[in-house]
Amino acid sequence: MTYQETLDYLYQALPMFQRVGAAAFKKDLSNTIALCEHLGNPQHQFKSIHIAGTNGKGSSSHSIAAILQKAGYKTGLYTSPHLKSFTERIKIDGEEIPEISVIDFVEQNKAFLEDLRPSFFEMTVGMAFWYFAKQQVDIAVIEVGMGGRLDSTNVISPEISLITNIGWDHMQFLGDTLPQIAGEKAGIIKPHTPVVISQTQEETTSTFKENAAKQKAPLYFADQIWKIEKNGEEAGKAIYQASSDKATFSFKFELLGNYQKWNLPGIFETVYQLKLKGWNIESQAIIEGLDSVVASTGLKGRWQTLYEKPLTICDTGHNEPGMKEIVTQIKTYSYEQLWMILGMVQDKDVTKILRLLPQSANFIFCEANIPRAMKASEFAKKAESIGIKGQIMVDVNEAIQFARKKAGPNDLIFVGGSTFVVAEIEEL
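For the structure given in this document, a descriptive report is provided here. (Residues numbered from 1 in each chain as written. Predicted model: local features only at pLDDT ≥ 70, side-chain atom pairs only at ≥ 80, totals over all residues. Heavy atoms only, no water.)

**Examining the overall build of the protein**
Thinking step 1. Looking only at helices and strands, one finds 17 helices and 17 strands in the protein.
Thinking step 2. For a compact globule of 428 residues, the expected C-alpha radius of gyration is about 22 Å, and the protein comes in at 21 Å, within 12% of that figure.
Thinking step 3. Burial statistics for the protein: of 428 residues in total, 59% are counted as buried.
Thinking step 4. Look at the contacts in the protein between residues 6 or more apart in sequence, and 73% of them connect residues 24 or more apart.
Thinking step 5. Carbon and sulfur atoms provide 46% of the accessible area of the protein, an area that totals close to 17,100 Å².
Thinking step 6. Charged side chains in the protein number 43 positive and 50 negative. The centres of these two groups are separated by 3 Å. (Helix = DSSP H or I, 4+ residues; strand = E, 2+ residues; numbered from the N terminus. Rg over C-alpha atoms; globule rule 2.2 N^0.38 Å. Buried < 20%, exposed > 50% of the residue type's maximum accessible area, 1.4 Å probe, protein only. Contact = heavy atoms within 4.5 Å. Areas by Shrake-Rupley, 256 points an atom, 1.4 Å probe, with all protein chains shown as cover. Lys, Arg positive; Asp, Glu negative; His and termini not counted. Charge placed at Lys NZ, Arg CZ, Asp CG, Glu CD.)

This is the structure:
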């Protein structure tokens, strides 16, 4: 098969959560365990770091990978979903898995995949572990897809587990209280393995303490250890200071979102815990890694500037806590008029998110080209029911061009609401 035929086969043969939602979600690890056994249990052939959380796990995964790369380690990185290309999900030292390796994996395992019928995500996890083992990475940073306890990635024995934060998302799968959601995320805590929590939250602290105690896992609340201060921006990078009783760092961070202040304590404490385990990570590697996260790993869509005049920014934040942070950051900008180009998926509580938005903005409602997307017309109706009026333009790129023509040079255009809307931006 060609690469395109291979991809078409995978998309058609295997249920894919980002496209169809709940129908692709499996409530146990049996398929992943069976696939890994068939592949020779590659997940045990390399060291790893496991990262879960509602928001921030992607930024944290890429940042830690960038630091490990700068420290000289051959570093695997598994994340999801992809924005532009399937191969973004599986990288080594910032280089995406070659198309020929995707073809080889499917050809070698096609009969088994057809017999097992795993989900698309279960298959990609198996492919990532197979590729990292084959390429003999020193360490791989593995981002959880959803939750933790029942996530397909939860078959590894990591050096460290990191949980970024807990918010309201995927409640139909993870529970309808923050402690319940935290309990699912805490499923990545392993016996006697350090676990780092990026952000202390009153509602979830006891859940993490109980789960860590059960596993006899050392527990570190990173924001109680590291103080993070943002001191401005310079040449498209944020300037920060991170300090603890262990060390102080002044550094530039290639990720501009102010919400990164919640992720940085977990990133620093995870690196510190790795050093305690004997990993050789000099201060310079930390500074250089954070300075070059995008360049080193290819991360896209995190408070990313698409155009300068009028300033046009996109962000993949797609749930209530994520949108709160976005609105807070928008308020730090000076602009004449705000334009918001938004699309969402069907399984989000869009009314709660809409209530966070500044009603004085010019709204354009769009939709991603996936079955799970909420129709732009339905989104507009929900908005109108709480007093927000806007235009409907189904295609995000048409919406961006329309807003750029109508906006003044000192206006601000924001594009987001869904990872999949951001994925379809041509300029990304």
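**Describing the sheet that holds strand E13 (residues 311-314)**
Thinking step 1. Pairing is mixed across the open sheet formed by six strands, whose spatial order is E12-E13-E17-E14-E15-E16. A strand with exactly one partner marks an edge of an open sheet, and here the two such strands are strand E12 (304-307) and strand E16 (390-392). On average, adjacent strands in this sheet sit at an angle of 25° to one another, irrespective of strand direction.
Thinking step 2. In this structure, strand E15 (residues 362-365) lies alongside E16, joined through three bridges in parallel fashion. The residue of E16 that forms the bridge with Phe363 is Gly390. (Pairing = 2+ DSSP bridges. Axes fitted to C-alpha atoms, helices over the stretch in contact; angles between N-to-C directions.)

**Quick word on the pattern of salt bridges**
Note on pairing: side chains with opposite charge can pair once their charged atoms come close.
Thinking step 1. Here the structure, examined in full by the defined rule, presents eight salt bridges.
Thinking step 2. Glu229 is the partner of Lys227 in a salt bridge, and the nearest nitrogen-oxygen pair spans 3.4 Å.
Thinking step 3. Among the salt bridges present, the one from Lys375 reaches Glu367, with a minimum N-O distance of 3.5 Å.
Thinking step 4. Given the relative accessible area of 47%, Lys375 is considered partly exposed. (Salt bridge = Lys/Arg side-chain N within 4 Å of Asp/Glu carboxyl O.)

**A closer look at helix H13 (residues 320-330)**
Two residues of an α-helix separated by three or four positions point the same way, owing to the 3.6 residues in each turn.
Thinking step 1. All buried positions along H13 are accounted for by Glu320, Gly322, Met323, Ile326, Val327, Gln329 and Ile330.
Thinking step 2. Buried residues along H13 sit against strand E14 (338-342), helix H14 (350-354) and strand E17 (412-416).
Thinking step 3. Capping of H13 at its N-terminal end is provided by Asn319; its side-chain oxygen lies 2.9 Å from the backbone amide nitrogen of Gly322. (Polar contact = N/O pair within 3.5 Å; in protein donor to acceptor, adjacent residues only side chain to side chain.)

**Section: the nonpolar core**
Thinking step 1. Counting residues in each nonpolar core, the largest one holds 65 residues, and the members touching the most others are Phe268 and Ile281.
Thinking step 2. With 37 residues, the next largest nonpolar core counts Ile92, Val102, Phe105 and Val137 among its residues. (Core = buried A, V, L, I, M, F, W, Y, C linked by side-chain atoms within 4.5 Å.)

**Concerning the side chain of Glu88**
Thinking step 1. Note that Glu88 resides in the loop between strand E2 (75-78) and strand E3 (90-92).
Thinking step 2. Although Glu88 is buried, it forms no salt bridge, and the closest oppositely charged side chain is Lys300 at an N-O distance of 4.3 Å.
Thinking step 3. At 2.6 Å, the side chain of Glu88 forms a polar contact with the backbone nitrogen of Lys84.
Thinking step 4. A polar contact of 2.8 Å, which involves the side chain of Glu88, links it to the backbone nitrogen of Ser85.
Thinking step 5. Apart from residues lying up to four places away in sequence, Glu88 is in contact with Thr79, His82, Leu83, Glu96 and Lys300.

**Notes on the packing of helix H1 (residues 3-13) against helix H5 (residues 99-116)**
Working note: a packed helix pair is described by the angle between its axes plus the distance between those axes.
Thinking step 1. Close contact between H1 and H5 brings their axes to 10 Å; oriented N to C, the two are set at 40°. In terms of orientation, H1 and H5 fall into the oblique class. Seen from above, H1 lies across H5 with left-handed handedness. Contact residues: H1 offers Tyr3, Thr6, Tyr9 and Leu10, while H5 offers Glu99, Val102, Ile103, Val106, Lys110 and Glu114.
Thinking step 2. A per-class count over the contact of H1 with H5 returns six nonpolar, one polar and three charged. (Parallel < 35°, antiparallel > 145°, perpendicular 65-115°, else oblique. Left-handed = near helix turned anticlockwise from the far one by under 90°. Nonpolar A, V, L, I, M, F, W, Y, C, P; charged D, E, K, R; others polar.)

All quantities given are derived from atomic positions and should not be read as evidence of function.
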